[in-house]
Amino acid sequence: MNELFSSVRFWIDPFIVVIIASATLGMLGVLTTLRRSLFVPVTLAQTGALGVTVAFFLSELMAVELPPFPFALLTALGASALFAARRSGGAVAEAVLFIAASAGTILIGSFLRGDIHDVQGVLFGSAVLVSRGEMLTVAGVALPAAILFFALRRSLFAASFDPDSYAAAGRSPFLADLILYILLSVLIAVTTRALGTLLVFAATALPALAALAMGRSFDRVLVRAALVGACGGGNGFIMSWLFDLPTGATVAALLCLFGAVGMIAQKLPSR
Amino acid sequence: MNSEWRALVELRDCGIGWERLLVPPVSLTVSAGEYLLITGQNGAGKTTLVKTMLGMIPALSGEVRYPAGRPLAGYVPQRGAVPEHYPVTARDAVLMGRALLRLMALRWSDEDRAAADRALADLDLAALAERSFGELSGGQKQRVLVARALAMEPQMLVLDEPTVNMDALSARRLLHQLDELRRARGMAVLIVTHDIAPVIAYADRVALLDRDRGLFRVGQTAEIAAELMAGGDA
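Keep in mind that this is a model prediction, so the values were computed, not measured. (Residues numbered from 1 in each chain as written. Chains lettered and ligands numbered in written order. Predicted model: local features only at pLDDT ≥ 70, side-chain atom pairs only at ≥ 80, totals over all residues. Heavy atoms only, no water.)

**Things to note about the interface of chain A and chain B**
- Counting residues at the interface gives 30 residues for chain A, matched by 34 residues for chain B.
- Taking both sides of the interface into account, the surface hidden between chain A and chain B amounts to around 2,800 Å²; carbon and sulfur atoms contribute 63%.
- The largest share of the area that chain A buries against chain B comes from R154, F161 and R216 of chain A, three residues that together contribute 29% of it.
- Salt-bridge contacts for D164 of chain A lead to K51 of chain B; the nearest nitrogen and oxygen are separated by 3.2 Å.
- For the interface between chain A and chain B, the tally reads 14 residue pairs in polar contact (both at pLDDT 80 or more).
- Broken down by secondary-structure element, the contributors of at least two residues to the side of chain A that touches chain B are α7 (132–161), α8 (163–168), α9 (173–214) and α10 (218–242) of chain A.
- Among the elements that make up the side of chain A that touches chain B, the one with the highest residue count is α7 of chain A (eleven residues).
- Of the residues belonging to the side of chain A that touches chain B, the class tally is 16 nonpolar, six polar and eight charged. (Contact = heavy atoms within 4.5 Å. Buried area = accessible area lost by both parts, 1.4 Å probe. Salt bridge = Lys/Arg side-chain N within 4 Å of Asp/Glu carboxyl O. Polar contact = N/O pair within 3.5 Å; in protein donor to acceptor, adjacent residues only side chain to side chain. Helix = DSSP H or I, 4+ residues; strand = E, 2+ residues; numbered from the N terminus. Nonpolar A, V, L, I, M, F, W, Y, C, P; charged D, E, K, R; others polar.)

So, in structure tokens, the structure goes:
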């Protein structure tokens, strides 16, 4: 434990990133989980990864260094628009897009010569390599996105609960869905580099499942999902450091445990 | 119908349907304060008609006009159209009606809370306010969804098959409450149903859609009721 504290300067930045990412993704994941769109976040992460691979490919092709983040954001935003437009039959779009993005990433990646490790880092995460600058970028994007989501939560929730009444009131369910998916895309685009797609998936689904099992008020569920995400992310990171385990998998396993406890608690008879 | 009633929606030779016309082009005016029954067989296009009226789907032809600007419409969907696993109490569900009024609602205002409490009281739901929406009976859920629409303080309340699977007493109670609220608030009430028996006593006018005979008719309740009795259908 002493070693952990003495080496704090090495892990504090990735630690903060994992906590911020798990908490904010956990909060936004409540709506995707309620809508039974559990695979939307992982598909957005995968389409983002395709964007990164394309950025690396074009960089090699044109011999100029292109920043991967805008490419990741662009592809994820394209997927967001598709998901928002396809309210019904969304599961098919999620599956097809996930498979297409995965295949595209691997195929385009096979043409890369020098940067394959960077691509793998994006796909599987490399939380321990997060720099101070990346931490500030994640914080600078995730915190405003979380605040905006919290400000819009009631409208997004109403559109998700009953899109027909939302439309009858003169509002656009498509726009509400698009806002939700754009916020998710932005968050995923900046956090996948540290978390990887597996942990992005875990952080959007499992804290939400645990929180939904514990509460019957939307606001409380949101706060609890953020807390479960932060708690799972922080503790998982520390455990991975202490026991020399892969960070993403350790955090994901801990979040699975939280999700399972939540679902078991929900099945227990209430007094 | 009172000639002083203000027109909220005007349909002029409106073609309704998703890709092809369900019935001949529809001309219909809905005015503030009226109780309109929209009826026809299953699949006749009743829901499509109200969705076209509310601008939720485009008219295939003709024109939908809002003479005094788009009216604020509270919509109560068919039973089973809303999910039951969402974490909301009955009060939260009713407050959701206030969230339909604006994109950003960081906190509920006193006005929001008062409107929700009034809607809960109007439908005798105050005692159920803190119960989970998913745990309520079908009839109670339906009343909560009506209260949600009322919390918007709408100019037009549209209910899609509100009495389906409701026992006769509960159905009559709900329809009577709606009639009283319409008079008190001066809002238009549009009820879409294939089961006209419980509603017809309250309706000022009836719009009849008959897809098989390619017919759309709108008229005073007694007139259309006589036609239905003679035809023996709908």
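Here the narrative resumes.
**Looking at unusual backbone geometry**
- Located in the positive-phi region is A63 of chain A, a residue other than glycine, with phi close to 55°.
- Secondary-structure assignment places A63 of chain A in the loop between α3 (39–62) and α4 (68–85).
- Residue D124 of chain B is not a glycine yet carries a positive backbone phi of 55°.
- Inspection of the secondary structure assignment puts D124 of chain B in the loop between α3 (110–122) and α4 (138–151).

**A look at the confidence of the model for chain A**
- Taken over all residues, the pLDDT of chain A has a mean of 86, while the share at 70 or more is 92%.
- Confidence, read as mean pLDDT per element, is least for helix α6 (residues 116–124) of chain A in chain A (61) and greatest for α8 of chain A (94). (pLDDT = per-residue confidence, 0-100.)

**Overview of the pattern of salt bridges**
Residues and elements named next belong to chain B.
- Considering all chains together, one arrives at 26 salt bridges over all chains under this definition.
- In this structure, D122 and R185 form a salt bridge, with 3.0 Å as the shortest nitrogen-oxygen distance. Residue D122 is found in helix α3, and its partner R185 is found in helix α5 (residues 168–185); the two are separated by 63 residues along the sequence.
- Residue classification places R185 among the partly exposed positions, given a relative accessible area of 28%.
- With a closest N to O distance of 2.8 Å, R182 and D179 form a salt bridge. With R182 and D179 both in helix α5, this residue pair falls three residues apart, about one helical turn.
- What you see here is one network of salt bridges that share partners, running through R98, R102, E111, D112, R118 and E153. (Buried < 20%, exposed > 50% of the residue type's maximum accessible area, 1.4 Å probe, protein only.)

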